[in-house]
Amino acid sequence: APAPPPARHLFSDTAEVEALRRSLLAWYDRCQRDLPWRTLAATEPDADRRGYAVWVSEIMLQQTQVATVIHYYTRWMQKWPTLQALAQASLEEVNELWAGLGYYSRGKRLQEAARKVVSELAGRMPRTAEELQKLLPGVGRYTAGAIASISYGQATGVVDGNVIRVLCRLRCVGADSSSPAVIDQLWDMANVLVDRSRPGDFNQALMELGATVCVPKSPLCSECPVKQHCQAWRRKLLGKAPPVPDVEDCGVGDCPLCPPAAEPWDSSLGVTNFPRKAAKKPPRAMRTATCVLERRGCHGAPEYLIVQRPSSGLLAGLWEFPSLPLAQDLQEEKEREELADHLQAWMGRPVAAKGLQFIGEVIHIFSHIHQTYVVYSLHLDGDVTLDPALSPSRWVTEDEFHASAVSTAMKKV
């Protein structure tokens, strides 16, 4: 069995834990940002509506900045203020509202879970983190803990990216913070720390601290309400790691939470020595040929063909211009030929590769893909009959295109 972490990494002093809770909550009461989901959670008397409001915000906030989410969240809650309203919506409507927010499967899973609550749970949200995670698709450990603590007052901790950073600095956790063993220890810490009387506020305070003060680079240590409890800050004051291991640095043996011996403390980094993460794999490169097919509509305005992507996989169910993945290092002439063959299947008539006008390239970075769209255009004369056996497709005006469930990448195209 791996060696347990020394007590110096943990929150084992009851008096310190109580002092930390008081300091953090007092700071949160003074400095918390005014966010729409917090207002709803604080003022909504109905428990299920409160849980739904928090749930939507937590799903939207996954890997998306607060400033981006506010607009989407406000529109969402105006359109679907209850679980029942969302359950009755179509996936197309959900995708249209979600368009541009990224990680599109989140919206789909949110609606699927809402339908499950209505059809299988009599419209009643689960009340504990354990039930939320078990019963609702797309709700993981963090989201379940956030909903349960904020909406229903369950004294359970939460661990997200902000909390990981705060806890790793508070206790000088220098091991790979993405490893399962370290994550388990951070969850144990969060559950020890959470305030029993105000669990939702405490969890939001911890996340708020990481989002606004204990930020990844150039943290505002002088403004931190809990700096007196922060071992990384104490070590920063020393200027370097002490020569003899002490409370700030065990540094010997096989401690599972200490930095590797090969990665010594860098005094120039200060508290940003923590947390340490494993190196990310570079995103894989992909090339896709995309053609903007244009025709003159019945009222004289240009119309463009969009087709629907498959119901699973990247950008599932969204609409796009006809597109074709390309092998790397294809010559332009060969790209044109492959795209022309692809378009011929849609249109049921030959397409001359030389008729495709090269427009340029658009680069879009997904979390794991560096995507290059090679963009062509083709103007069509007369009507075109599309094969109904292929994926759903339709002609749209420019305004209709922007109102459709299309990705940010396609808007760039």
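Structure's up top.
Nothing here was measured: the structure is a model prediction, and the numbers come from that model.

## What to know about helix α4 (residues 66-79)
With 14 residues, α4 extends 20 Å from end C-alpha to end C-alpha; this agrees with the ideal 20 Å at 1.5 Å per step. Taken together, the buried positions of α4 are occupied by Val-69, Tyr-72, Tyr-73, Trp-76 and Met-77. At its buried positions, α4 is contacted by α2 (36-43), α3 (47-61), α5 (83-88), α6 (91-98) and α7 (105-120).

## Points about the packing of aromatic side chains
Throughout the structure, instances matching the rule amount to five aromatic pairs. Ring plane angle 65 degrees and centroid distance 5.6 Å describe the contact between Phe-358 and Tyr-376, whose orientation is recorded as edge-to-face. Of this pair, Phe-358 sits in strand β5 (residues 357-365) while Tyr-376 sits in strand β6 (residues 369-379), placing them 18 residues apart in sequence. Judged by relative accessible area, which is 0%, Tyr-376 ranks as buried. Three or more aromatic residues link up through ring pairs in this structure, and these residues are Trp-76, Trp-80 and Trp-98. Taking the ring centre of Trp-233 as reference, the NZ or CZ of Lys-227 above it sits at 6.0 Å. Here Arg-394 stacks its cationic end above the ring of Trp-319, 4.2 Å away from the centre of that ring.

## A look at unusual backbone geometry
In this structure, Pro-275 follows Phe-274 across a cis peptide bond, with omega equal to -5 degrees. By secondary structure assignment, the location of Pro-275 is in the loop between α13 (231-238) and β1 (284-296). The phi torsion at Tyr-103 lies on the positive side, around 50 degrees, for a residue other than glycine. Within the secondary structure, Tyr-103 is located in the loop between α6 and α7. When its relative accessible area of 35% is taken as the criterion, Tyr-103 is described as partly exposed. At Asp-329, a residue that is not glycine, the phi angle is positive and equals roughly 65 degrees. If you trace the backbone, Asp-329 turns up in the loop between β4 (323-326) and α14 (332-347). A residue is classified by how much of its surface remains accessible, and Asp-329, at 72% relative accessible area, is exposed.

Rules of the game
- Residues numbered from 1 in each chain as written.
- Predicted model: local features only at pLDDT ≥ 70, side-chain atom pairs only at ≥ 80, totals over all residues.
- Heavy atoms only, no water.
- Helix = DSSP H or I, 4+ residues; strand = E, 2+ residues; numbered from the N terminus.
- Expected span 1.5 Å × (residues − 1).
- Buried < 20%, exposed > 50% of the residue type's maximum accessible area, 1.4 Å probe, protein only.
- Contact = heavy atoms within 4.5 Å.
- Phe/Tyr/Trp six-rings, centres within 6.5 Å; stacked < 30°, edge-to-face > 60°.
- Lys NZ or Arg CZ within 6 Å of the ring centre and 35° of its normal.

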